[in-house]
Structure formats: structure tokens, C-alpha cells
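# Coordinate inspection notes
If you want the building blocks of each chain, they are given just below.
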Amino acid sequence: QVQLVESGGGLVQAGGSLRLSCAASRRTFVNYVMAWFRQAPGKEREFVAAISGSGGITDYANAVKGRFTISRGNAKNTVYLQMNSLKPEDTAVYYCAGHAAGTLATSRYDYNYWGQGTQVTVSS
């Protein structure tokens, strides 16, 4: 059973930073496209950022461009989301996701592996 395990969420003041981590339980994920999504209460799960298997190509939602950075660890089966200049509207449960196809998909329906989520709360 493949697992994605997120960590690093928490409570932070507006303007602060957090770094989320996602560790995959299998080495096969080194070639997978990995992404972060988030879901706020009463809202749809939305795309945040994605990274290619090599780590050389990234994509971001407009709402987080210039503030968030997605990256892969040296072993490539760990993915990070560095979040800077956090805003109260960034408050959500953040999910790590993966899929085997080569495209940097932004739709949640293209991803077939999901973590359990980690809560990020930004206070004003």
C-alpha cells in the first residue's frame, strides 16, 4: 500500500512562514508528478502547486505565486512546500498528492494517491 504522509502544518501569524513535507513510502514515487492541494471549510479542494518527477518543472496557482515554493528532496520521494508571507486566506487543510503520468496536472481528479492532510491556520 503506497502512502503519502504530510507533516509541518500548524498555527502561524499572518506574514509568517511554514514548511510542509510529504514523504512517500515507496521509491517508485521518485518519477511521479507530485502536488499540493488545499481545502478550506465549505470550499472545494483546490490546486496549490505541482512539480515534475525530475523536479525541474513546477506550476503554481495564481493565489500563491511568488509566496510558495514546491521542491523535491534529494531522494526525490519527498516533496516540500515552503510557504512565506502567509495570509489568513491560506488557512486550510493541505494535502499532498501524486500521479504516475508525466503532465503537471492541476485537477484533483488526475491524482490517484493522497495523503491524510495537515492543517495550516494563519491568524490575522
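Below you will find a few notes about this structure. (Residues numbered from 1 in each chain as written. Predicted model: local features only at pLDDT ≥ 70, side-chain atom pairs only at ≥ 80, totals over all residues. Heavy atoms only, no water.)

A few words on the packing of aromatic side chains. What the rule picks out here adds up to 8 aromatic pairs. Consider the rings of Phe-37 and Tyr-111, whose centres lie 5.3 Å apart with planes at 75 degrees: the pair is edge-to-face. Within this pair, whereas Phe-37 is found in strand β4 (residues 33-39), its partner Tyr-111 is found in the loop between β9 (92-99) and β10 (113-114), the two being separated by 74 residues in sequence. When its relative accessible area of 5% is taken as the criterion, Tyr-111 is described as buried. An aromatic cluster is built from Phe-37, Phe-47, Tyr-95, Tyr-111 and Trp-114, whose rings are joined through pairwise contacts. Positioned above the aromatic ring of Tyr-80 is the side chain of Arg-19, whose terminal nitrogen or guanidinium carbon lies 3.9 Å from the ring centre. (Phe/Tyr/Trp six-rings, centres within 6.5 Å; stacked < 30°, edge-to-face > 60°. Helix = DSSP H or I, 4+ residues; strand = E, 2+ residues; numbered from the N terminus. Buried < 20%, exposed > 50% of the residue type's maximum accessible area, 1.4 Å probe, protein only. Lys NZ or Arg CZ within 6 Å of the ring centre and 35° of its normal.)

In this structure, Met-34, Trp-36, Leu-81, Met-83 and Tyr-94 are the most contacted members of the largest nonpolar core, which totals 37 residues. Every element with two or more residues in this core is listed here: β3 (18-24), β4, β5 (46-51), β7 (68-72), β8 (78-83), β9 and β11 (118-123). Apart from residues lying up to four places away in sequence, Leu-81 is in contact with Leu-18, Arg-19, Leu-20, Trp-36, Val-48, Ala-49, Phe-68, Thr-69, Ile-70 and Tyr-94. (Core = buried A, V, L, I, M, F, W, Y, C linked by side-chain atoms within 4.5 Å. Contact = heavy atoms within 4.5 Å.)

Looking at the secondary structure, you find Leu-4 in strand β1 (residues 4-7). Classification of Leu-4 as buried rests on a relative accessible area of 4%. Setting aside residues up to four positions removed in sequence, Leu-4 forms contacts with Cys-22, Ala-23, Ala-24, Phe-29, Met-34, Cys-96, Ala-97, Gly-98, Tyr-113, Trp-114, Gly-115 and Gln-116.

In this section: the pairing of β11. Side chains of β11 alternate between two faces, with Thr-118, Val-120 and Val-122 buried and Gln-119, Thr-121 and Ser-123 left unburied. Sheet topology places β9 next to β11; 3 bridges connect them, and they run antiparallel. Bridging from a neighbouring strand, Ala-92 pairs with Val-120 of β11. (Pairing = 2+ DSSP bridges.)

What follows covers the sheet that holds β8. Read from one edge to the other, the open sheet built from 4 strands follows the order β1-β3-β8-β7, with strand pairing classed as antiparallel. Strands with a single pairing partner mark the edges of an open sheet, and in this sheet they are β1 and β7. If you compare each strand with its neighbour and ignore which way they point, the axes differ by 15 degrees on average. Inspection of the sheet shows β7 paired to β8 by 5 bridges, in the antiparallel sense. Looking across to β8, one finds that Ile-70 is bridged to Leu-81. (Axes fitted to C-alpha atoms, helices over the stretch in contact; angles between N-to-C directions.)

Of all the 8 residues making up β9, 7 are buried; the element is thus mostly covered by neighbouring parts of the structure. Bridging between β4 and β9 involves 7 bridges; their strand directions are antiparallel. The residue bridging Val-33 from the neighbouring strand is His-99, located in β9. Direction of pairing for β9 relative to β10: antiparallel, over a ladder of 2 bridges. Bridge pairing in β10 links Ala-97 to Trp-114.

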